Structure formats: structure tokens, C-alpha cells
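# Chain and residue survey
One-letter residues, chain by chain:
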Amino acid sequence: MKTVAIVTDSTAYIPESMLTEYEITMVPLSVIFDNESYLEEKEIQADDFFEKVKKENILPKTSQPSIGSFVETYETLARTHDEIITITLSSGISGTYQSANSAGDMIEGADVYVFDSEISCMMQGFYVLEAARMAQDGFGSKEILSRLQKIKSQGTNAYFLVDDLSHLHRGGRLNAAQLVVGSLLQIKPVLTFEDKQIVPYEKIRTRKKALNKIMTLFDEAARGGDLINATLIYSTNKDEAESLKAELEEKYTNVNIILSYFGPVIATHLGEGALGLGWYRV
């Protein structure tokens, strides 16, 4: 029987305890303040990141893992595994997928497969956890990748709102026209992933109405009674996310909700106060 190693990047934001429990290897992205580079989830955590942004009053840059980081990871895993599956954040917002693929072509001793989640954060994490559980149960890469593709084809949903559009603009994830219109009208757009990119789903004037829109979209999916895995994702507003989680758990008995967070790399583009809700049918 072939043994399968599961690799992901840091933007899945899977807690250290779960990485250990499910034997998942994490390759970190970086945030760069001036000339200082920090590996997220290893050298800088979300709380430290927001404190540093506020203290230094600068927006850092972000950087994908080098091909060399993936090569080193694969070579280590190839000593004990026959196959390696790497699950990355969307190739539409980062070159991490391409780096992981290039590294896979450079090693021997194990077959490397790279899966583009086409999304990020804990929605990416759901793919990773599903793959890791299957690997521990003895499934091979063919079965695991087939399952991941099935989840993707059935549809993963993620909607989020931000308080400040300038972060997305400066990070190249929002064009100038969208920024100007949004700022002038004080719009709090509901954002989503479409064709691997972050795009506005609907332009809404207030944060409360934007959040209500996201909750309505979730209700349409959950009220049918299907089993759903969901995640509430916060940046600096953990109390708000915890309150919403409790509200949803009381309302829907068919929903399993994980509380997660926007770590330094993704938070660079979303800023403080961002909130996300994502889900898929099990």
C-alpha cells in the first residue's frame, strides 16, 4: 500500500494541534515589513501582526514560498512516503500553486500531486483536513484527489466583508475604479471567490446589511437540512465571530462550524474588522 503525505501552505490557517494530529506538513508564506521578512504561523502570528501594523503604520508586502522550500519539504517526505499531495491557496491570488508544482518536478522518490483549492483560509483547510483523514485511513492519492475534486464540483461557498477597501487595492486585489466608487459611497461590498479571483459579489452600503446578506445566503443553503461544514473567519473581531457561531449553531442542527481567523498574509489584503463565512455540503 502506498503511503500519502499531505502538504499545505500556511494560508489554510489550520491550528498547530490539528497539523500534528493529522500529520499535515505546512509550508509558510511570508509577510515583509520594509526589509524584515517573517514566516507566518511560525515567526509571526495574527495578533502580533496587527499590533505591528498599528505600531509601524505601514502595510507589509506578502511573498509566496520559494520553490526551494517545497523541494526541501518534498525531499524529506519522500524518505517515508510514496506519494505527496499538496493543497494550495487559489492560483488566482498567489504563485504558491506554481511553486509547488515546479518543485514537484524536481524531486525523485515520490509522486507529487498539487491541488489548487481555488480559495483560501479555512475553506482551503477543509480540503486539507479531508485529504489528511483519508490518508490516515489508508487511501491512495487517486481516491483522495477524486474526493477533493468532488467537493469542488459540488461547490464551496465563501463570502466575506471588509471595513477598508484600500488594503485590497494596494495589494492588487481591487482595481482603482472599484476603490474610488466604494470609498465615495462608503460601500461595504460582499466579496467572494470567482474563477480563482477575489471579486465583489454585491455592493452594499452598510456593514450590517452586508453581514445580513451573507447570513441570508447561508440560510438558503442550510435550511434544506443537508449536512454542512462551515467556518466563521475573523481578523480582529473574534467576539463578533463567536457570537455569530453560537447563533448559527442554535438555529441549524445540521451544521458543523469551525471558528478560524485571517492570518498575517491574508489579513494584509483584508485589514482589521474583516469577517468571512464559508461552507460546503458534506
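Read on for a plain summary of the structure.

The rules behind these values
- Residues numbered from 1 in each chain as written.
- Predicted model: local features only at pLDDT ≥ 70, side-chain atom pairs only at ≥ 80, totals over all residues.
- Heavy atoms only, no water.
- Helix = DSSP H or I, 4+ residues; strand = E, 2+ residues; numbered from the N terminus.
- Rg over C-alpha atoms; globule rule 2.2 N^0.38 Å.
- Buried < 20%, exposed > 50% of the residue type's maximum accessible area, 1.4 Å probe, protein only.
- Contact = heavy atoms within 4.5 Å.
- Lys, Arg positive; Asp, Glu negative; His and termini not counted.
- Charge placed at Lys NZ, Arg CZ, Asp CG, Glu CD.
- 1 Å grid on protein atoms, 1.4 Å probe; cavity = no way out; pocket = protein on both sides within 12 Å on 5 of 7 lines; lining within 4 Å.
- Points joined across faces, edges and corners; volume = space filled by probe spheres on them.
- Nonpolar A, V, L, I, M, F, W, Y, C, P; charged D, E, K, R; others polar.
- Pairing = 2+ DSSP bridges.
- Axes fitted to C-alpha atoms, helices over the stretch in contact; angles between N-to-C directions.

With that settled, the discussion passes to the overall build of the protein. Counting its regular elements, the protein contains 11 helices and 13 strands. On C-alpha atoms alone, the protein measures out to a radius of gyration of 19 Å, which is about the 19 Å that the 2.2 N^0.38 rule sets for 282 residues. Here the protein holds 282 residues, and the buried ones make up 55% of them. Taking contacts inside the protein between residues at least 6 apart in sequence as the whole, the part at least 24 apart equals 73%. Seen as two clouds, the 27 positive and the 40 negative side-chain charges of the protein have centres 7 Å apart.

Moving on: the layout of surface pockets. Roughly 280 Å³ of internal volume is contained in the largest pocket. If you trace the largest pocket, you find 27 residues lining it, with Leu 89, Ile 93, Ser 120, Ile 198 and Ile 266 closest to the centre. The element that contributes the greatest number of residues to the lining of the largest pocket is helix 11 (residues 264–270), accounting for 4 residues. By residue class, the composition of the lining of the largest pocket is 17 nonpolar, 9 polar and 1 charged.

You will see that Tyr 13, though not glycine, has its phi angle at about 50 degrees, which is positive. Tracing the backbone shows Tyr 13 in the loop between strand 1 (4–9) and helix 1 (16–21).

Let's shift gears to empty space enclosed by the protein. Applying the stated criterion across every chain, the model contains 2 cavities of 30 Å³ or more. Lining the second largest cavity, in full, are Tyr 159, Leu 161, Leu 211, Ile 214, Met 215, Leu 232, Leu 244, Leu 275, Gly 276 and Leu 277. The set of elements that each furnish at least two residues to the lining of the second largest cavity consists of strand 8 (156–161), helix 9 (207–222) and strand 13 (275–281). In terms of residue class, the lining of the second largest cavity is made up of 9 nonpolar, 1 polar and no charged.

Attention now goes to the sheet that holds strand 6 (residues 83–88). Strand pairing within a sheet occurs via backbone hydrogen bonds; the two strands may be parallel or antiparallel. The 4 strands lie next to each other as 2-1-6-7, forming an open sheet whose pairing is parallel. Of all the strands in the sheet, the pair left with one neighbour each is strand 2 (24–27) and strand 7 (111–116). Across the sheet, the mean angle separating the axes of adjacent strands is 25 degrees when strand polarity is ignored. Running at roughly 170 degrees to strand 7, helix 4 (residues 96–104) makes contact with strand 1, strand 6 and strand 7 of the sheet. Relative to strand 1, helix 5 (residues 121–136) is tilted by about 165 degrees, and along the sheet it contacts strand 1, strand 2, strand 6 and strand 7.

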